[in-house]
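Read off the chains here:
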Amino acid sequence: IAVSYNVSNDFFRLWLDERMNYTCAVFDAGPHAPTDSLELAQMNKLAIIHDYAHVQPDMRVLDLGCGWGANLQYLAIDRGVREVHGITLSLSQHEEITRRGLPRVSASVCDYRDYAPAVKFDAITSICMLEHTATPAQVRAGENIGIYRDYFRRCHAWTRPGAYLALQTILRNVVPRERKDIEDMAHITYTMFPGGFAVRLSEVIEAVNRYWEVMEVKTRRIDYMRTTAHWVKRLRAHESNVRRWYGDKVYQDFERYLAACVTAFDKNYVSLAQYSLRRL
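Residues numbered from 1 in each chain as written. Predicted model: local features only at pLDDT ≥ 70, side-chain atom pairs only at ≥ 80, totals over all residues. Heavy atoms only, no water.

Participant: Before we go on, may I ask you to explain the overall build of the protein chain in this structure?
Facilitator: Helix and strand content of the protein chain: twelve helices and seven strands. On C-alpha atoms alone, the protein chain measures out to a radius of gyration of 18 Å, which is about the 19 Å that the 2.2 N^0.38 rule sets for 280 residues. Structurally, the protein chain occupies a C-alpha span of about 50 × 40 × 35 Å along its principal axes. Residues counted as buried form 55% of the 280 residues belonging to the protein chain. Contacts spanning at least 24 positions in sequence make up 75% of the contacts within the protein chain whose residues lie at least 6 apart. Roughly 12000 Å² of accessible area belongs to the protein chain as shown, and the carbon and sulfur atoms make up 51% of that amount. For the protein chain, the centre of its 36 positive side-chain charges and the centre of its 33 negative side-chain charges are spaced 2 Å apart. (Helix = DSSP H or I, 4+ residues; strand = E, 2+ residues; numbered from the N terminus. Rg over C-alpha atoms; globule rule 2.2 N^0.38 Å. Buried < 20%, exposed > 50% of the residue type's maximum accessible area, 1.4 Å probe, protein only. Contact = heavy atoms within 4.5 Å. Areas by Shrake-Rupley, 256 points an atom, 1.4 Å probe, with all protein chains shown as cover. Lys, Arg positive; Asp, Glu negative; His and termini not counted. Charge placed at Lys NZ, Arg CZ, Asp CG, Glu CD.)

The structure is reproduced here in structure tokens:
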């Protein structure tokens, strides 16, 4: 997590949207659709996640893997939710959440496996966090389904009857065959996000059913291709400053990774899914 997210909050602020969403935006649906604005497309995504979790203002909501607080801010400020709590493993992300001073929002640096809330939640949102729960080695060993099932079991235990979980995950689909694409995908997996691995849709369905009913699933491969295209364009616009402030390697690693993401989503090596899950 430190490798992936702790470069510098100001570094990510250069090329993410103004709220620092680091996950797929939605350009073709939501209150601001259709749009080509990354800022509005990210608001569309947050609105969809809000609706998939069936969030109401009087609820207590957990954002599991809360990043720099974009969804916490959306729920508390834009939607007036009574109480929102976030969990992250990144000290840098927690610092940013604290800096924002959001009302009715709390956040903690905590491994989800150690989390034990005193009061159950009415809803959970979890945006592109499941991919960080199983390592590549665990996926190769066939241990990942059990890890995902334990994740859903914990979410079930943390919530009240009738709760919804809005989940968003990166999907691994087609295995690349071209050498450059294989090398670039390895760069993403082992250099940029060590310890994490994209899930298969079938794995999520297999793991979730004991604890949550799948009410709705929507894939958004093209939306994520467009999102990463925005990111790499913004990063390239700041190339000289990134090289001067953070070093050549940081720029080269991130430029390669983001450009490779555009290709990977375009060629269906990876995709994205959003799920509305109801507690069983």
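Participant: Please explain helix α7 (residues 144-157) as it appears in this structure.
Facilitator: Two residues of an α-helix separated by three or four positions point the same way, owing to the 3.6 residues in each turn. When the terminal C-alpha atoms of α7 are compared, their 20 Å separation across 14 residues agrees well with the 20 Å that a helix rising 1.5 Å per residue should span. Within the sequence span of α7, burial applies to N144, I145, I147, Y148, Y151, F152, R154, C155 and H156. (Expected span 1.5 Å × (residues − 1).)

Participant: Explain the packing of helix α11 (residues 239-246) against helix α12 (residues 248-266) here, please?
Facilitator: To describe two helices that pack against each other, one gives the angle between their axes and the distance between the axes. The interhelical angle for the contact between α11 and α12, taken along N-to-C directions, is 130 degrees, at an axis separation of 6 Å. If you check the angle between α11 and α12, you find them oblique. Contact with α11, carried on its side by E239, V242, R243 and Y246, involves D248, V250, Y251 and Q252 of α12 and no other residues of that element. Class assignment of the residues belonging to the contact of α11 with α12 gives a composition of four nonpolar, one polar and three charged. (Axes fitted to C-alpha atoms, helices over the stretch in contact; angles between N-to-C directions. Parallel < 35°, antiparallel > 145°, perpendicular 65-115°, else oblique. Nonpolar A, V, L, I, M, F, W, Y, C, P; charged D, E, K, R; others polar.)

Participant: Even after reading the chapter, I still don't get the nonpolar core, so can you show me in this structure?
Facilitator: Of all hydrophobic cores here, the largest spans 59 residues; its most connected members are F12, W15, Y22, F254 and Y257. Of all elements in the fold, only α2 (9-15), α3 (38-52), α4 (70-78), β4 (121-127), α8 (179-192), α10 (221-237), α12 and β7 (270-279) reach the threshold of two or more residues within this core. For this core, the element with the highest residue contribution is α12, accounting for nine residues. Counting 31 residues, the second-largest nonpolar core is a separate cluster that includes A134, I147, A207 and Y275. (Core = buried A, V, L, I, M, F, W, Y, C linked by side-chain atoms within 4.5 Å.)

Participant: Is there a simple way to think about the pattern of salt bridges in this case?
Facilitator: Close approach of charged atoms lets side chains of opposite charge pair. The full count for this structure, using the stated rule, is 25 salt bridges. The shortest N-O distance in the salt bridge between R13 and D10 comes to 3.3 Å. Linking R13 with D10, this pair stays in helix α2, spanning three residues, or about one helical turn. Overall, R13 belongs to the partly exposed group, its relative accessible area being 32%. The salt bridge involving E83 is made with R82; its shortest N-O contact spans 3.8 Å. Overall, the relative accessible area of 29% leaves E83 in the partly exposed class. (Salt bridge = Lys/Arg side-chain N within 4 Å of Asp/Glu carboxyl O.)

Participant: Would you explain the packing of aromatic side chains in this entry?
Facilitator: The relation between two aromatic rings is expressed through the spacing of the ring centres and the mutual angle of the planes. Per the stated rule, a full pass over the model turns up 21 aromatic pairs. An angle of 45 degrees between the planes, with centres 4.8 Å apart, marks the rings of F12 and W68 as tilted. Taken together, the residues F12 in helix α2 and W68 in the loop between β1 (60-64) and α4 connect sequence positions 56 residues apart. Each member of the pair F12 and W68 is classed as buried. Lying over the aromatic face of F121, R60 brings its terminal NZ or CZ to 4.2 Å of the ring centre. (Phe/Tyr/Trp six-rings, centres within 6.5 Å; stacked < 30°, edge-to-face > 60°. Lys NZ or Arg CZ within 6 Å of the ring centre and 35° of its normal.)

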